[in-house]
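# Observations on the three-dimensional arrangement
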Amino acid sequence: MMYLQMLFTFFKIGLFSFGGGYAILAMIQQEVVINNPWLTEAEFMQVVAISQMTPGPIAINAATFIGYQKAGIFGSLLCTFGVILPSLIIMMIITISYLKLRKLGWFIQIFKRLRLLSVGLIGAALIMIMGNAVKDLYSVGIFLACFLLTWRFKLNPFTMLIAAAIFGMIFGTI
Amino acid sequence: MLLRMFFTFLKIGAFTIGGAYAMIPLIKREVCEKHAWITEEEFMDGLAAAQSCPGPIAVNISIYTGYHVRGKAGMAAAVLGTILPSTVSIIIIAMLFREYADQAIVRRAFTALNPAVVALIAVPLIQMAKKSGLSLRNAWFPLAIALAVGLLNISPVYLILLTIAYAVHEARK
């Protein structure tokens, strides 16, 4: 039963993941933290951090990680399969039918609207994790420093996260 | 041929750290120029589909290219290549994490990693907002979405379906 639930949940996440990586975070969090008791909020943050330091799309990394935590290697393969299944079906249909989406008026309109929606979804992810992660002077300082480094000085996310991890190991208190 | 496709997408998958957008030029170079599997025109059609259809862009473009060139076998080779680096590395990390997650040094690292992750989401929010044609007139829409999903926990599923329905309605006018 849990296997089916996991497969179905990640199928749903894959089916509604528009607009790339960050837009999908809010949905993943709703599904695996709120709707299913698979991860705590702190564990969810860990998954996001780890996803950003390893190759591959966030949706796949999250699926593999959560699947492994809940049901070992089989679980990780199951969730990964679930999350890419919608892509396989939809992209296959488009490829076979030689659909030229970028020339279809209604499709361009959908894409345009969804792009604006994606901005809102990233905002939602921010709201959902903000309170848990940025709560005292220490974390506000780190947030601001990391924000400026990546935004203004174009530091790549990988380097930034490694630097943050080392900083935390030295100065963090638990 | 299948092997070459597998290894090409393995390379693409292995270097997609932190977002597919940076990888689009690499994918294009590999599949259009180096291997000449598809023409640039076909790639642009595939890319438009990959970006606007659900699922990770890198996975979508590998399905498109793989199927285009060698049917289902090509698709399987390309997709496996794309997801293998992330699946393997995440499984290894998840294994290690189970052992070491409670160690003091790991927990200390996460005291700084957590706010860093928030920053990591805030930056693309600004970049996406710029690219999506956000203005004072339409800013209410993403704002409403953010509050509905982030505070009221409304599922993005309904909002996505509503948005698609509205866009189709708009286009038919």
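One numbering rule holds for all chains: residues counted from 1, following each sequence as written. Numbering of ligands from 1 and lettering of chains from A proceed in the order in which they are written. Local features are withheld for residues below a pLDDT of 70 in this predicted model, meaning they are given only at 70 or higher, and side-chain atom pairs are given and counted only at 80 or more; totals for whole chains, interfaces and linings count all residues.

### Things to note about the overall build of chain B
Each helix is a run of DSSP H or I of at least 4 residues and each strand a run of E of at least 2, with the numbering of both proceeding from the N terminus. The helix and strand inventory of chain B stands at seven helices and zero strands. Ordering the α and β elements of chain B from the N terminus gives α-α-α-α-α-α-α. Against the compact-globule benchmark of 16 Å for 173 residues, chain B has a radius of gyration of 20 Å, which places it well outside the compact range. Projecting the C-alpha coordinates of chain B onto the three principal axes gives extents of approximately 60 × 50 × 25 Å. Three classes are used. A residue is buried when 20 or more other C-beta atoms lie within 10 Å of its own, exposed when 12 or fewer do, and partly exposed in between, with C-beta atoms placed from the backbone. Residues counted as buried form 45% of the 173 residues belonging to chain B. Counting contacts in chain B only where the partners sit at least 6 residues apart, residues at least 24 apart contribute 49% of the total. In this description the radius of gyration comes from C-alpha coordinates, and the expected globular size is given by 2.2 Å times residues to the power 0.38. We call two residues in contact if the C-beta atoms placed from their backbones are at most 7 Å apart.

### Details of the interface of chain A and chain B
Reports often express the size of an interface as the amount of accessible area lost when the parts come together. Contact with chain A, which involves 90 residues of that partner, is made by 85 residues of chain B. Looking at the side of chain A that touches chain B, the elements that each hand over two or more residues are α1 (2-15), α2 (25-35), α3 (41-53), α4 (58-96), α5 (105-133), α6 (137-151) and α7 (157-171) of chain A. At 25 residues, α5 of chain A tops the list of elements feeding residues into the side of chain A that touches chain B. Only Asp, Glu, Lys and Arg are considered charged, only Ala, Val, Leu, Ile, Met, Phe, Trp, Tyr, Cys and Pro nonpolar, and every remaining residue, Gly among them, polar. Grouping the constituent residues of the side of chain A that touches chain B by class yields 60 nonpolar, 26 polar and four charged.

### Overview of the domain arrangement of chain A
Residue and element names in this part refer to chain A. By convention here, the domain bounds are inherited from an automatic or database domain assignment. When cut into domains, chain A gives domain 1 (2-133) and domain 2 (135-174). Residue-level contacts link five residues of domain 1 with five residues of domain 2. Listing elements by their share of the side of domain 1 that touches domain 2, those giving two or more residues are α3 and α5. When residues in the side of domain 1 that touches domain 2 are grouped by element, the largest group, three residues, is from α3. Grouping the amino acids of the side of domain 1 that touches domain 2 by side-chain chemistry returns three nonpolar, two polar and no charged.

### Let's talk about α4 of chain A
Each α-helix winds once per 3.6 residues, and so residues spaced three or four apart point in a common direction. All names here are of chain A. A helix's residues, less one, multiplied by 1.5 Å, set its expected span. Spanning 39 residues, α4 covers only 27 Å between terminal C-alpha atoms, well under the ideal 57 Å at 1.5 Å per step. What is called the bend at a residue is the angle between a pair of axes, fitted to the seven residues leading up to and ending at it and to the seven starting from it. In the structure, α4 departs most strongly from a straight axis at Ala71, where the bend amounts to approximately 145 degrees. Tyr98 sits one or two positions beyond α4 and adopts a positive phi of about 50 degrees.

### Side note on the packing of α3 of chain A against α7 of chain A
Residues and elements named next belong to chain A. What counts as an axis is a line fitted to C-alpha atoms, over the stretch in contact for a helix, and the angles between N-to-C directions run from 0 to 180 degrees. Axis separation between α3 and α7 bottoms out at 8 Å; the angle between their running directions is 130 degrees. Our classification of the angle between α3 and α7 gives oblique. The chirality of how α3 crosses α7 is left-handed. Here α3 contributes Ala49, Gln52 and Met53 to the contact with α7, which in turn contributes Pro157, Phe158 and Leu161. Grouping the amino acids of the contact of α3 with α7 by side-chain chemistry returns five nonpolar, one polar and no charged. Each angle is binned into one of four classes, with values under 35 degrees roughly parallel, values over 145 roughly antiparallel, values of 65 to 115 roughly perpendicular, and all other values oblique. Each crossing gets its hand from how the near helix is turned against the far one by less than a right angle, where anticlockwise is left-handed and clockwise is right-handed.

### Structural notes on the domain arrangement of chain B
With domains assigned, chain B is organised as domain 1 (2-100) and domain 2 (104-172). Taken over C-alpha atoms, the centre of domain 1 of chain B sits 25 Å from the centre of domain 2 of chain B.

### Observations concerning the packing of α7 of chain A against helix α5 (residues 104-131) of chain B
Following both chains from N to C, one finds α7 of chain A and α5 of chain B inclined at 140 degrees, their axes separated by 7 Å at the closest point. The angle between α7 of chain A and α5 of chain B falls in the class oblique. Between α7 of chain A and α5 of chain B lies a crossing of right-handed hand. Side by side, α7 of chain A and α5 of chain B meet where Pro157, Met160, Leu161, Ala164, Ala165, Phe167, Gly168 and Met169 of chain A of the first sit next to Ile105, Arg108, Ala109, Phe110, Thr111, Ala112, Leu113, Ala116 and Leu120 of chain B of the second. Here the contact of α7 of chain A with α5 of chain B is built from residues that sort into 14 nonpolar, two polar and one charged.

### Remarks on the nonpolar core
The nonpolar core is taken to be a set of buried Ala, Val, Leu, Ile, Met, Phe, Trp, Tyr and Cys residues joined by way of C-beta atoms within 7 Å. Of all hydrophobic cores here, the largest spans 100 residues; its most connected members are Ala125 of chain A together with Leu113, Ala116, Val117 and Ile121 of chain B. Residues within four places of Val117 of chain B in sequence aside, it is in contact with Met45, Val48, Ala49 and Ala133 of chain A.

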